[in-house]
Amino acid sequence: MNDADVFGIAGLTLWIGAIATVAVVPIAVAVAWSLVRHDFPGKSLVRALVTLPMVLPPVAVGLGLLWLLGRRGPFSALWEATGIDLVFTAGAAAVAAAVVGFPLATRACEQAFASVDVRYEQVARSLGLSPSATFFRVTLPLAKRGVLYGALLCFTRAIGEFGATAVVAGIIPGRTETLALGIWSRVQLGENSAAAVLGAVSFALGLAAMWAGERWLRSDPP
Amino acid sequence: MRAWIAGILLLSAPGAHGAELVAAAAVSLREPLSAIAREFEAENPGTTVFLTFGASSTLAAQARAGAPLDVFLSADPSLVERLETEGLAAPASTRDFARNRLVVVAAPELETPLEEPTDLLSPGIRRIAMPAAAVPVGRYAREWLAERELLAAIEERVVQTEHARATLAAVSAGNADAAVVYATDARTTRGAKVAFPVPRSEQPPIVYTATQLTQADPAANAFLDFLSGDRARRHLEAAGFEAP
């Protein structure tokens with residue numbers, strides 16, 4: 001395996017992780033905020049559903065996505081009409097990464113919002129700030145570290161995604177082969193040293209990301 | 001939501017220049033097909049061939065699930081026939097291009113003698129690597145073992161592997177004691193040793209078939225013609241494949 005392959009695989013992995021994170025975080029923020037600040041019927045069920053992709057076997061998530069995104073699934077007419085054909089593309093890998101990263105981002109955002117004192121929001125409202133201005137100018141800045149930490153967790157989970165991705169994106173070198181998929185296919189081929197190179201790259205990326213997170217996003221004393 | 005759509009469009013956008021072919025092939029074709037694809041690219045500037053290898057059965061299932069594949073090179077013609085019946089492969093493009101044979105391989109440190117088929121029953125052979133019967137080499141190996149009336153006796157010692165190369169890798173690493181693999185695969189490793197070849201008269205017919213998927217890039221046809229040509233044949237023969 002040459003260096004260009006390693007860089008290609010690592011680059012694709014980071015790119016997929018970044019797309020997944022950018023897509024997931026706004027949704028995670030919205031869901032987490034509603035869960036923390038609002039009461040509604042079925043809240044515990046929503047919480048359970050949010051966590052589900054984290055506890056389901058990733059291949060089961062992949063199977064579900066294959067059905068939802070595929071040509072024979074419930075949205076086939078929509079995919080047909082819009083020309084979106086994601087199955088077995090890097091786009092499908094990004095969707096899989098986003099789905100498994102979502103619970104981590106949401107849980108971290110929930111904790112972040114829960115730690116924001118409601119009184120700051122009440123003061124802002126009493127001084128005439130609209131609810132959305134209160135959220136963006138008071139709540140979100142106070143929860144910033146936690147939200148960013150959630151984004152980082154989502155990103156690291158996304159770049160390590162294997163099971164769901166293998167099912168819905170396949171392993172097409174140069175197209176959908178991420179680090180995790182590349183390690184698996186090389187182990188299957190008995191190319192253990194090439195697998196170890198990709199394993200080392202995964203280790204370095206994971207360590208760098210989590211270290212950065214611990215250093216800059218969790219340095220607050222509790 | 002906008003980020004979602006932008007990201008998805010970026011990731012699924014086709015390449016801006018030249019033809020791009022995705023060829024899904026039986027993993028046993030790995031080395032010769034990689035060489036053939038490089039020569040084809042050199043002869044057709046601007047064309048890029050992406051190769052994806054796996055069990056032919058897995059690749060056929062991916063084609064069925066909508067994988068954007070242009071050509072499919074199967075170690076089992078019946079998988080291609082099924083895709084044709086389903087309208088996913090173009091029958092006019094289908095051609096046989098190589099043949100293979102089976103050999104029995106042994107782990108490098110195996111102490112039990114393994115010289116003839118009945119030796120597979122000896123207690124020293126504790127694990128036999130073999131893919132599921134849906135995988136071509138798994139089916140061929142089972143057919144031969146069943147013919148020799150050995151299959152039932154060894155069934156409980158079978159450790160299931162993913163595809164032909166993974167079967168060989170399991171034996172090379174010593175994780176399995178023996179396996180029935182393709183003769184061409186056995187040549188690619190210095191780990192597993194050929195214990196004995198399956199006798200000519202008992203060999204199941206192993207034919208490699210290539211086809212173009214119905215929504216393939218127009219360059220797929222040229223690639224299939226190249227695959228049937230003399231230069232490709234030399235690569236296949238150098239790897240130990242026989243003419244169809």
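Our subject is the structure that appears above.
Residues numbered from 1 in each chain as written. Chains lettered and ligands numbered in written order. Predicted model: local features only at pLDDT ≥ 70, side-chain atom pairs only at ≥ 80, totals over all residues.

### Remarks on the overall build of chain A
For clarity, the threshold we go by: Each helix corresponds to a stretch of at least 4 residues labelled H or I by DSSP, and each strand to a stretch of at least 2 residues labelled E; elements are numbered beginning at the N terminus. Three classes are used. A residue is buried when 20 or more other C-beta atoms lie within 10 Å of its own, exposed when 12 or fewer do, and partly exposed in between, with C-beta atoms placed from the backbone. Throughout, a pair of residues is in contact if the C-beta atoms placed from their backbones lie within 7 Å.
Each helix and strand in chain A was counted, giving 11 helices and 0 strands. Based on the C-alpha atoms only, the size of chain A along its principal axes is roughly 65 × 45 × 25 Å. Residues counted as buried form 41% of the 222 residues belonging to chain A. Pairs at least 24 residues apart make up 78% of the contacts formed inside chain A by residues separated by at least 6 positions.

### What about the overall build of chain B?
Cut-off, in case you're wondering: We compute the radius of gyration over the C-alpha atoms and compare it with the globule rule, which gives 2.2 Å times the number of residues raised to the power 0.38.
The helix and strand tally for chain B stands at 10 helices and 10 strands. The globule rule puts the C-alpha radius of gyration for 244 residues at 18 Å, and the 20 Å found for chain B is close to it. Dimensions of chain B, computed from the C-alpha atoms along their principal axes, are close to 60 × 50 × 35 Å. Sequence-distant contacts, at least 24 apart, represent 77% of the contacts inside chain B between residues at least 6 apart.

### Some points on helix 10 (residues 179-188) of chain A
With 8 of 10 residues buried, helix 10 of chain A lies mostly within the body of the structure. Elements in contact with the buried residues of helix 10 of chain A: helix 1 (3-37), helix 8 (144-159), helix 9 (163-169) and helix 11 (192-217) of chain A together with helix 7 (164-172) of chain B. Just beyond helix 10 of chain A, the residue with positive phi is Gly190 of chain A, at close to 75 degrees.

### As for the nonpolar core
Test applied: As used throughout, a nonpolar core is a set of buried Ala, Val, Leu, Ile, Met, Phe, Trp, Tyr and Cys residues joined through C-beta atoms within 7 Å of each other.
Grouped together as the largest cluster of nonpolar side chains are 140 residues, with contacts concentrated most on Ala96 of chain A together with Val105, Ala178 and Ala179 of chain B. Broken down by element, this core gets its largest block of residues, 17 residues, from helix 5 (residues 90-114) of chain A. With sequence-adjacent residues up to four places away left out, Ala178 of chain B is seen in contact with Val104, Val105, Ala106, Ala107, Leu114, Leu120, Ile125, Ile128, Val171 and Ala195 of chain B.

### Let's talk about the interface of chain A and chain B
The partner chain B presents 23 residues to the 22 residues of chain A that form the contact. Looking at the side of chain A that touches chain B, the elements that each hand over two or more residues are helix 1 and helix 5 of chain A.

### So, the packing of helix 10 of chain A against helix 11 of chain A
Residues and elements named next belong to chain A. The cut-off we apply is this: All axes are obtained by fitting lines to C-alpha atoms, using only the stretch in contact for helices, and the reported angles, taken between N-to-C directions, cover 0 to 180 degrees. For classification purposes, angles smaller than 35 degrees are called roughly parallel, those larger than 145 roughly antiparallel, those between 65 and 115 roughly perpendicular, and all remaining angles oblique. Crossings are classed by handedness, with left-handed meaning an anticlockwise turn of the near helix from the far one by less than a right angle and right-handed meaning a clockwise turn. Residues are grouped as follows: Ala, Val, Leu, Ile, Met, Phe, Trp, Tyr, Cys and Pro are nonpolar; Asp, Glu, Lys and Arg are charged; every other residue, Gly included, is polar.
Put simply, helix 10 and helix 11 touch, their axes get as near as 8 Å, and they point 160 degrees apart. When the interaxial angle is binned, helix 10 and helix 11 end up roughly antiparallel. For the pair helix 10 and helix 11, the crossing hand works out as left-handed. Here Leu179, Gly182, Ile183, Arg186 and Val187 of helix 10 come into contact with helix 11, specifically with Asn192, Ala194, Ala195, Leu198, Gly199, Val201 and Ser202. In terms of residue class, the contact of helix 10 with helix 11 is built from 7 nonpolar, 4 polar and 1 charged.

### What to know about the packing of helix 1 of chain A against helix 5 of chain A
Residue and element names in this part refer to chain A. Two elements in contact, helix 1 and helix 5, have axes separated by 6 Å at closest approach and are oriented at 40 degrees. With respect to each other, helix 1 and helix 5 are oriented oblique. Crossing of helix 1 over helix 5 shows right-handed handedness.

### Regarding the sheet that holds strand 2 (residues 48-54) of chain B
All names here are of chain B. The cut-off we apply is this: We treat two strands as partners when DSSP finds at least two bridges between them.
Ordered in space as 2-1-3-10-4, the 5 strands form an open sheet in which the pairing is mixed. Each edge of the sheet is formed by a strand with only one pairing partner; in this case those strands are strand 2 and strand 4 (89-100). Looking at each pair of strands side by side, their axes are set apart by 20 degrees on average, direction ignored. For strand 1 (residues 20-26) and strand 2, the ladder comprises 7 bridges, and the chain directions are parallel.

### Looking at the sheet that holds strand 7 (residues 158-161) of chain B
Residues and elements named next belong to chain B. Strand order in the open sheet formed by 5 strands is 7-6-8-5-9, with mixed pairing between adjacent strands. Edge strands, defined here as strands with exactly one partner in the open sheet, are strand 7 and strand 9 (193-197). On average, each strand axis in the sheet is inclined to that of its neighbour by 40 degrees, with strand direction left out of account. Helix 7 rests against strand 5 (102-106), strand 6 (128-131), strand 7 and strand 8 (178-182) of the sheet, and its axis sits at about 145 degrees to strand 8.

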